[in-house]
Amino acid sequence: MTGLALLCYLGRCETPDSPFYGENVMKGILYLIELSKKNPSGFITENPKGIAGAYEHGIATYALGEMYTLARLGSKSLPGMRETFEKGVELIIKTQGTDGRAKGSWDYYTKNASEGKMTSGREDLSVAGWQYQALKAAKNTSLKIAGLHSAIE
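We now turn to the structure provided with this report. (Residues numbered from 1 in each chain as written. Predicted model: local features only at pLDDT ≥ 70, side-chain atom pairs only at ≥ 80, totals over all residues. Heavy atoms only, no water.)

## A short note on the nonpolar core
- Grouped together as the largest cluster of nonpolar side chains are 39 residues, with contacts concentrated most on Ile29, Met67, Met81, Val89, Leu135, Ile145 and Leu148.
- Elements with a minimum of two residues in this core: helix H1 (2-11), helix H2 (22-38), helix H3 (52-71), helix H4 (81-94), helix H5 (125-141) and helix H6 (148-152).
- Once residues lying within four places of it in the same chain are set aside, the contact partners of Leu148 are Val89, Ile93, Leu135, Ala138 and Lys139. (Core = buried A, V, L, I, M, F, W, Y, C linked by side-chain atoms within 4.5 Å. Buried < 20%, exposed > 50% of the residue type's maximum accessible area, 1.4 Å probe, protein only. Helix = DSSP H or I, 4+ residues; strand = E, 2+ residues; numbered from the N terminus. Contact = heavy atoms within 4.5 Å.)

What follows is the structure, encoded as structure tokens:
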């Protein structure tokens, strides 16, 4: 929900520098950074064992990427945001399907997220959409993330 809320703030061009909503935006960013730190793989979710985690991670990573692009132009320091975002994108790349029906897509990767593997050989378009949005946001940041371009292709 925090990732979705940040995306809403971004729709209004709100960043940590914004006079009215800036504090809320900053709290949202810091919360996602802390969630990532709780999980060794960088999985951005409260419940790494539940299937909702795949959605949560994709949405949170997407929000951080969009926020990184917009907020880096501001004056506030955002310690840990770039690292959290890059780690989130790397996990998305690692969990992308590599063969069979799932090649190039995503499914619930919660059970094996720490090893960077998909849980099954199937794909789920509702999960894949959020993962792809995060990859697109990563591309727009111009950060050099290994495997990004091939994952998008």
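## As for the side chain of Glu14
- For Glu14, the position within the fold is in the loop between H1 and H2.
- Side chain to side chain, Glu14 and Ser18 meet in a polar contact 2.9 Å long. (Polar contact = N/O pair within 3.5 Å; in protein donor to acceptor, adjacent residues only side chain to side chain.)

## Digging into the packing of H3 against H4
- Running from N to C, H3 and H4 point in directions that differ by 135°, and their axes come no closer than 9 Å. In terms of orientation, H3 and H4 fall into the oblique class. Along this stretch, H3 crosses H4, giving a crossing that reads as left-handed. Seen from H3, the contacting residues are His57, Gly58, Thr61, Leu64, Gly65, Met67 and Tyr68; seen from H4, they are Met81, Arg82, Thr84, Phe85, Gly88, Val89, Leu91 and Ile92.
- Per-class residue counts for the contact of H3 with H4 are eight nonpolar, six polar and one charged. (Axes fitted to C-alpha atoms, helices over the stretch in contact; angles between N-to-C directions. Parallel < 35°, antiparallel > 145°, perpendicular 65-115°, else oblique. Left-handed = near helix turned anticlockwise from the far one by under 90°. Nonpolar A, V, L, I, M, F, W, Y, C, P; charged D, E, K, R; others polar.)

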